Amino acid sequence: MLDFFSPCPRGLEDCLVQELQVQRAKNIQSAAGGVKFRGTLETAYRANLHSRIASRILLHIAQAPYRSEEDVYQLAARQPWLQWFRSDTTLRVDVVGNRCPLRSLDFVTLRIKDGICDYYRNETGVRPDIDTRSPIMHVQAFLSADTCTLYLDLSGEPLFKRGWRLEKGEAPLRENLAAGILMLSGWKPEQPLLDPMCGSGTLAIEAAQMALHIAPGSQRHFAFEAMENFDAALWQKVQAQALAQQRAPDAALKIYASDISLNLIPVIRANLERALGPHAGCVQVKQIDALDLKKPAEAGVLVCNPPYGERLGVQGRMGGRQAPEVDDSKEDSAPFFKAFSDVLKQQFAGWRAYLLTSDMELPKQMRLKPSKRTPLFNGALECRLFEFEMVAGSNRKN
Ligand SMILES: C[S@@+](CC[C@H](N)C(=O)[O-])C[C@H]1O[C@@H](n2cnc3c(N)ncnc32)[C@H](O)[C@@H]1O
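Here's a quick rundown of the structure.

1. Brief notes about the nonpolar core
- One finds Trp81, Ile112, Ile116 and Leu143 to be the most contacted residues of the largest nonpolar core, which totals 94 residues.
- Mapping this core onto the domain boundaries places at least three of its residues in each of domain 1 (2–153) and domain 2 (175–222 + 247–390).
- Formed by 25 residues, the second largest nonpolar core is a distinct cluster that contains Ala290, Leu291, Leu362 and Met390.

2. Quick notes on the pairing of strand E4 (residues 58–65)
- By the bridge criterion, two bridges tie strand E1 (residues 2–7) to E4 in an arrangement that is antiparallel. By the bridge assignment for E4, Phe5 is matched with Leu58.
- Pairing analysis gives seven bridges linking E4 to strand E8 (residues 147–153), with the strands arranged antiparallel. Looking at the pairing, Gln63 lines up with Thr149 of E8.

3. Side note on helix H7 (residues 232–245)
- For H7, built from 14 residues, the straight-helix expectation of 20 Å at 1.5 Å per residue is met to within 8% by its first-to-last C-alpha distance of 20 Å.
- Taken together, the buried positions of H7 are occupied by Leu234, Trp235, Val238 and Ala242. Summarising the axial view, the buried residues of H7 lie within an arc of 100°, below the 170-degree limit, and thus occupy one face. Turned more than 90 degrees off the buried face of H7, the exposed positions are Ala233, Gln236, Leu243 and Ala244.
- Looking at the buried side of H7, the elements it contacts are helix H2 (41–50).

What counts as what
- Residues numbered from 1 in each chain as written.
- Predicted model: local features only at pLDDT ≥ 70, side-chain atom pairs only at ≥ 80, totals over all residues.
- Heavy atoms only, no water.
- Core = buried A, V, L, I, M, F, W, Y, C linked by side-chain atoms within 4.5 Å.
- Buried < 20%, exposed > 50% of the residue type's maximum accessible area, 1.4 Å probe, protein only.
- Domains from an automatic or database assignment.
- Pairing = 2+ DSSP bridges.
- Helix = DSSP H or I, 4+ residues; strand = E, 2+ residues; numbered from the N terminus.
- Expected span 1.5 Å × (residues − 1).
- Arc of directions from axis to C-beta.
- Contact = heavy atoms within 4.5 Å.

These results come straight from atomic positions and should not be treated as a statement about function.
The following block contains the structure:
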């Protein structure tokens, strides 16, 4: 059995626990910003290929108490790294400290790198080359107040990089955060889904891949493929199982994505082609101002992360007026959100709406009472996922 830690966006730990249960991981334990689990090499391959929420899958290499940089160097220098990767590989080391008493994390990083390279020089006469941009192997160290843990990153590029988003609009959501929003919304593929401010289409594409059972990692490579213990036959089996699970689109699949920006329409279409291949047409894409929206079905789920602190509604209408050219303060965004809220109230009775925003005052601006508010982090930015149940006339804020 091997030990793993998988970091994920804060607020989505429980979603990741559920995914890892499906992949038959053992001893699953949620922690702040990630999940620990145990399993075999197959568990690791499956987690990399199938997790929509994990940012990486890290293999636990060693853990020991430390008091000085020298202790950390010795821990790194005594691990049998050759069982994981050869000396002719390229390497990068990253250190994350939490209440670490040592003076410089940069110096700790250097000492861990020295420890690993000295190990290789002693064993093989060759030191791995350091490559901070696109290394083949990536060692990650976590230093708490008194314990150092070393991990080897099995993913390589972070897992939210699925390989289909080559073009993007402004402020795109990370794919794993988008997937988490969909999981938290409780959306099921048989329900209509609409993102009315879809940007590069991340939420709609994640939803369509979920509905079609397309594994999120099916279009990319992983660091474990370059490791000494890589089991090509096992990996082929895991990939073949994933391919066999893919489904043809159900006629009932109703996913809608729209944005005010005409320029984004070809971007979304190109992303859909790459992400869904021959099934790209199962997401209906339109250029439309969110203030002109009509509900595409009697009931469904609306999800979006509206613009905030950006040029908002520049091309949009607000109460029949052209919006101001530069519109980046909270007061200026209020009329747009009030107007959008009117659209939800008048057009979307029977729907549940989920809005991700860092603006805690958004419900106030919309004069709507959220039925749920879930804390989530978009990178370092603290956000809320607000849920509004659009029942005609019943959720006005007094
Ligand atoms: C933060 S981005 C959404 C990013 C998207 N979730 C993604 O992952 O790419 C906000 C989007 O809202 C769009 N937008 C702004 N005003 C709009 C309006 N009045 N109607 C529809 N879309 C609008 C912008 O063009 C932008 O693409």
